[in-house]
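Structural characterization, general
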Amino acid sequence: MAELKTVPTEIDPFDFIERVDDDQKQKDAKELIALMKKITGKPPKMWGPSIIGFGRYRYKYESGREGEICMTGFSPRKPSLVLYLGHVLDNRELMAKLGKYKTSKSCLYIKKLDDIDRGVLKKLVEESVREMRRRYDCD
């Protein structure tokens, strides 16, 4: 089985943010850290080279593959901020109120936080964390 690449590192998340080549993304990343830290009660931690995560949980697929990843987090990528929120993205009521975004299976893509309703984002992150804690043994 292949070794997992997205593992906790000792890189300081704020040092990572300072290297992001976009002032708006740096500002948004700092705001997301404050939001996710408050909701999870966990400090930011780098997972792999580009994900800022909060908390952790263990997963195991039916195939037998298992691992550990952050409970929630984000990555300030060039095209957009990528938030890892999981099943909460199926909440059509909240998503309809969010603003301008794109999604994939468990990721929310936002160009900048000013494009969305921050109150709705807070509710999405809270619901995501609550669901992760309900489904998994998180710390």
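As a reminder, the structure under discussion sits directly above these lines.
In this report, the structure presented in the accompanying data block is examined.

Reading the values: the criteria
Residues numbered from 1 in each chain as written. Predicted model: local features only at pLDDT ≥ 70, side-chain atom pairs only at ≥ 80, totals over all residues. Heavy atoms only, no water. Helix = DSSP H or I, 4+ residues; strand = E, 2+ residues; numbered from the N terminus. Buried < 20%, exposed > 50% of the residue type's maximum accessible area, 1.4 Å probe, protein only. Contact = heavy atoms within 4.5 Å. Pairing = 2+ DSSP bridges. Expected span 1.5 Å × (residues − 1). Polar contact = N/O pair within 3.5 Å; in protein donor to acceptor, adjacent residues only side chain to side chain. Salt bridge = Lys/Arg side-chain N within 4 Å of Asp/Glu carboxyl O. Phe/Tyr/Trp six-rings, centres within 6.5 Å; stacked < 30°, edge-to-face > 60°.

Following the sequence through the fold, Ser106 ends up in the loop between strand E7 (102-103) and strand E8 (107-110). What makes Ser106 partly exposed here is its relative accessible area of 31%. Ignoring sequence-local partners within four residues, the contact set of Ser106 consists of Leu83, Tyr84, Leu85, Gly86 and Leu89.

To continue, consider the pairing of strand E5 (residues 72-76). Counted residue by residue, E5 has 5 buried out of 5 residues, so it is predominantly covered. A two-sided burial pattern is seen for E5, the buried positions comprising Thr72, Phe74 and Pro76 on one face and Gly73 and Ser75 on the other. Inspection of the sheet shows strand E2 (residues 51-54) paired to E5 by 3 bridges, in the antiparallel sense. Its bridge partner being in E5, Phe54 is matched across the sheet by Thr72. Pairing between E5 and strand E6 (residues 81-84): 4 bridges, direction antiparallel. Within the sheet, the bridge partner assigned to Phe74 lies in E6 and is Leu83. Between E5 and E6, which pair antiparallel one after the other, the connecting turn spans 4 residues.

Right, let's get into helix H2 (residues 23-40). In this model, H2 (18 residues) spans 26 Å end to end at C-alpha, consistent with the 26 Å of a helix rising 1.5 Å per residue. Along H2, the positions that sit buried rather than exposed are Lys25, Gln26, Asp28, Ala29, Leu32, Ile33, Leu35, Met36, Ile39 and Thr40. Between the side-chain oxygen of the N-cap and the backbone nitrogen of Gln24 there are 2.9 Å, and the N-cap of H2 in question is Asp22. Two residues or fewer after H2 comes Gly41, characterised by a positive phi angle close to 75°.

Here we come to the pattern of salt bridges. Pairs can form between side chains of opposite charge whenever their charged atoms are close. Applying the stated criterion to the full structure yields 12 salt bridges. Two residues, Glu18 and Lys30, come together in a salt bridge whose shortest N-O distance is 3.0 Å. Pair noted here: Glu18 is in helix H1 (residues 13-18) and Lys30 is in helix H2, with a separation of 12 residues, a long-range link. Taking relative accessible area as the criterion, Glu18 reaches 47% and is therefore assigned partly exposed. Judged by its relative accessible area of 37%, Lys30 falls in the partly exposed class. With a closest N to O distance of 3.2 Å, Lys112 and Asp115 form a salt bridge. Since its relative accessible area comes to 33%, Lys112 is described here as partly exposed.

On to the packing of aromatic side chains. The final tally for this structure, using the stated rule, is 2 aromatic pairs. Arranged with centres 6.2 Å apart and planes meeting at 55°, the rings of Tyr57 and Tyr59 form a pair that is tilted. In this structure, Tyr57 and Tyr59 share a single accessibility class: buried. Each ring, one from Tyr57 and one from Tyr136, has its centre 4.5 Å from the other, and the planes form 40°; the classification is tilted. Here Tyr136 lies in the segment after helix H4 (118-135) and Tyr57 lies in strand E3 (residues 57-60), a separation of 79 residues in the sequence. Take Tyr57: its relative accessible area is 13%, and that puts it in the buried class. Given a relative accessible area of 28%, Tyr136 falls into the partly exposed group. Put simply, the rings of Tyr57, Tyr59 and Tyr136 pair up and form one aromatic cluster.

Function cannot be inferred from these measures alone, as they are strictly geometric.
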